[in-house]
Amino acid sequence: MRQDSEFPVDTRVNPLLGLVKGQPASLQRPGGIRQHGCIKAHFKPISTVALHPRKQLIVTASDDATWKMWPLPNGDVVMTGKGHTDWISDVDFDMSGTMLASASGDQTVKIWDFDQGKCVLTFSDHTQAVWSVSWHHTSNFLASGSMDQTIKVFDLNSERCRSILRGHTDSVNSVQFLPFGNTIVSSSADKTISLWDARTKICAHTFFGHEHSINDAKFTMRGDAIVSCDSFGQVKMWDVRTITQMLSFDVGPHPCNDVAIEATNHVMAVASNDSTLKMIHVATGDITALPGHDDACNSVQFDITASFILSGGSDGTVRVWS
């Protein structure tokens with residue numbers, strides 16, 4: 001009988017903050033961000049791009065039902081993951097970088113082990129398409145969000161669903177574990193963002209303010225704020241302590257598909273359906289559009305020191321910006 005994992009005590013400290021040495025010069029120059037690389041990764045749209053936590057490797061996930069691993073800034077594919085029977089919506093590396101989780105329209109979540117070079121576990125607990133996955137920092141737990149309106153927390157040791165978090169009244173479009181914490185943030189088509197305690201399975205807080213379906217919500221690296229974006233181009237920043245809206249930016253009317261914020265909280269990047277990357281300077285509210293993709297931009301991510309930005313699009317390409 002496989003044992004259930006134990007959630008660790010919440011320390012609420014992100015040790016990776018020690019790697020951050022202040023805002024990078026490229027982000028301080030107006031118009032200082034340019035495209036420096038392009039990988040034609042898939043013939044069908046890319047839904048998401050994930051950055052390896054320790055190496056210059058990325059994984060792209062696509063509507064073609066595969067994920068692929070690539071070296072940066074450009075190179076040949078290192079590994080391909082085949083096994084899903086429908087589009088892959090999200091992928092996430094665990095903290096060690098030895099495993100990958102994937103979410104799919106086939107209603108499953110899969111766990112891939114790079115040492116074994118294969119899928120080692122499939123969770124089929126959701127009843128509709130799965131939009132999002134996020135690892136707990138211990139690699140013992142994985143959260144997923146689905147069109148079935150639930151969040152599920154899976155235990156990698158006992159290989160079972162440990163909890164079902166119910167409360168959203170429409171599709172759960174994104175989930176993320178607080179870095180080095182036990183709190184989950186979720187965003188939903190019901191226009192709300194919720195915070196959940198994975199140990200007690202209780203919804204601690206709900207944020208109201210978006211007027212359209214929310215496509216993404218993420219913690220800042222310090223965990224003291226959340227950034228979110230919706231299907232009408234509204235981007236917001238929320239204070240986790242006071243449960244209030246701090247800032248709001250309009251980059252619409254095109255939908256925002258993904259949002260990221262670098263570790264110093266000075267600059268946000270938004271993947272827009274109009275094919276551009278939108279850079280938002282938080283203090284001034286200045287917005288810069290970066291053209292490059294030939295179709296909708298679906299995914300955006302800063303590396304930990306914000307020395308470069310990755311974007312993935314419906315044109316099947318990954319673009320590297322710095």
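Here, the structure is the one placed above.
Everything numeric in this text was worked out from a predicted model, so none of it was measured.

Engineer: How should I be thinking about the pairing of strand E17 (residues 202-208) in this particular structure?
Structural biologist: Within a regular beta strand, the side chains point alternately toward one face of the sheet and then the other, so they alternate between its two faces. Across six bridges, the pairing between strand E16 (residues 192-197) and E17 is antiparallel. Looking across to E17, one finds that Thr 192 is bridged to Phe 208. Between E16 and E17, which pair antiparallel in sequence order, lie four residues; one of them, Lys 201, sits at a positive phi of approximately 65 degrees.

Engineer: Would you take a moment to explain the sheet that holds E17 for this structure?
Structural biologist: Backbone-to-backbone hydrogen bonds join strands into a sheet, with any given pair of strands oriented parallel or antiparallel. Within the open sheet, the four strands sit side by side as E14-E15-E16-E17. Their pairing is antiparallel. The strands lining the two open edges of the sheet, one partner per strand, are strand E14 (172-177) and E17. Strand-to-strand twist across the sheet, computed as the mean angle between neighbouring axes with direction ignored, equals 20 degrees.

Engineer: Hey, could you run me through the packing of aromatic side chains in this one?
Structural biologist: Each pair of aromatic rings is reported with the distance of its centres and the angle of its planes. Applying the stated rule across the entire model yields seven aromatic pairs. Look at Phe 123 and Phe 154: their rings are 4.2 Å apart centre to centre, the planes differ by 20 degrees, and that puts the pair in the stacked class. Of this pair, Phe 123 sits in strand E9 (residues 118-123) while Phe 154 sits in strand E12 (residues 150-155); the two residues are 31 residues apart in sequence, bridging distant segments of the chain. When sorted by exposure, Phe 123 lands in the same class as Phe 154, which is buried. Relative to Trp 238, the ring of Phe 207 has its centre 5.4 Å away and its plane inclined at 65 degrees; by these criteria the two rings are edge-to-face. Taken together, the residues Phe 207 in strand E17 and Trp 238 in strand E20 (residues 234-239) connect sequence positions 31 residues apart. The burial state of Phe 207 is the same as that of Trp 238; both residues are buried. Here the aromatic cluster, defined as three or more aromatic residues joined through ring pairs, consists of Trp 67, Phe 93, Trp 112 and Phe 114.

Definitions and limits used
Residues numbered from 1 in each chain as written. Predicted model: local features only at pLDDT ≥ 70, side-chain atom pairs only at ≥ 80, totals over all residues. Heavy atoms only, no water. Pairing = 2+ DSSP bridges. Helix = DSSP H or I, 4+ residues; strand = E, 2+ residues; numbered from the N terminus. Axes fitted to C-alpha atoms, helices over the stretch in contact; angles between N-to-C directions. Phe/Tyr/Trp six-rings, centres within 6.5 Å; stacked < 30°, edge-to-face > 60°. Buried < 20%, exposed > 50% of the residue type's maximum accessible area, 1.4 Å probe, protein only.

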